[in-house]
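Coordinate analysis (summary)
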Amino acid sequence: MSLESQIAALVLAAGNLLKLPQDIATTAQDQIAAVSQAYQNAIARADTQKYVSQSTGLDTNAGTQTAPYRTFARALADCVPGGIVTVILMSDYNMTEHVRIINKRMRVASFNPASPVTITFNKYGIPGENVRAAYRFTLEGDAYLSLLAVRIVVPNSSGYTAFTRDFRSAIIGPPDGVSDSIFVRQAVGLLGCTLDIPSDNLGAVISGPMVQLYASGLVIVGQPILGRLIDRYTNTAGTSATSAPDVFTNLPNF
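Predicted model only: the values in this text are computed from it and were never measured.

Turning our attention to the pairing of strand β14 (residues 194–197). Pairing geometry for strand β11 (residues 151–153) and β14, over 3 bridges, is parallel. Looking across to β14, one finds that V153 is bridged to D196. Both β14 and strand β16 (residues 219–222) contribute to a ladder of 4 bridges, which runs parallel. Residue D196 lies in a different strand from β16, and its bridge partner there is V221.

This is the structure we're talking about:
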């Protein structure tokens, strides 16, 4: 190789060495930007707000006010484990399947608190077991549910014979086929809601031995609440909140 060629090769190598720090910096900046974007996306999904209308929504929509989802399940799917989703309910909702809340927090609020929407919980039977049950919000793992300014219609027991306590009759509780004794501590909030309880109500509103209940500003329609709010305290005379340290409410009896 001639001297001129050697000098040219050295100049090229020097140029590449001088350019290397810039290439490294550019690559690092691109990687930082990608990580930052991923972090922002995760944060957005960890605390999100979605709109649901069972009457006009579609689960293929964007979940916005102008393009709401149709189901609670679709809104929950947008929330990452450990996150919280606030569902603005724009129409009455008919519960015909379980809404599974697994290691997530969910808030459900009426679109217009002055005109609360109604969530009607339907019942179903389990063939061969003579078990009456309700479609419900199921709490699994580290789960939290809060219902704000909605009307809650509890199903009746018509068509089913009497039976001993069964958590499947509650409208908020553990899933079918699993003992509710294995769950970690969970929480339920009923704030500013109306509870419509028939005289032959199917069961308690809430089940689960480790559930903490926060109930405030409840309006009771139909049958008195006595012994019908949480399944651990079902005496017909009602239960004073002072004897249930995991229940926080302004109701004298529940």
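The 5 strands are arranged β3-β6-β11-β14-β16 in an open sheet whose pairing can be described as parallel. Whereas interior strands pair on both sides, the edge strands pair on one side only; in this sheet they are β3 (93–95) and β16. Recorded for the sheet is a direction-independent mean angle of 20 degrees between the axes of neighbouring strands. Sheet topology places β3 next to strand β6 (residues 118–121); 3 bridges connect them, and they run parallel. The residue bridging N94 from the neighbouring strand is T120, located in β6.

By the secondary structure assignment, D246 is in the loop between β16 and β17 (247–249). With relative accessibility at 12%, the residue D246 sits in the buried group. When sequence neighbours within four positions are dropped, the list of residues in contact with D246 reads R185, V211, Q212, L213, R232 and Y233.

Residues F72, M106, F137, L147, I172 and L190 are the most contacted members of the largest nonpolar core, which totals 50 residues. Aside from chain neighbours lying at most four places away, what touches L147 is V108, F137, I152, I172, G189, L190, L191 and C193.

Parameters at a glance
Residues numbered from 1 in each chain as written. Predicted model: local features only at pLDDT ≥ 70, side-chain atom pairs only at ≥ 80, totals over all residues. Heavy atoms only, no water. Pairing = 2+ DSSP bridges. Helix = DSSP H or I, 4+ residues; strand = E, 2+ residues; numbered from the N terminus. Axes fitted to C-alpha atoms, helices over the stretch in contact; angles between N-to-C directions. Buried < 20%, exposed > 50% of the residue type's maximum accessible area, 1.4 Å probe, protein only. Contact = heavy atoms within 4.5 Å. Core = buried A, V, L, I, M, F, W, Y, C linked by side-chain atoms within 4.5 Å.

Structural measurements only, silent on function.
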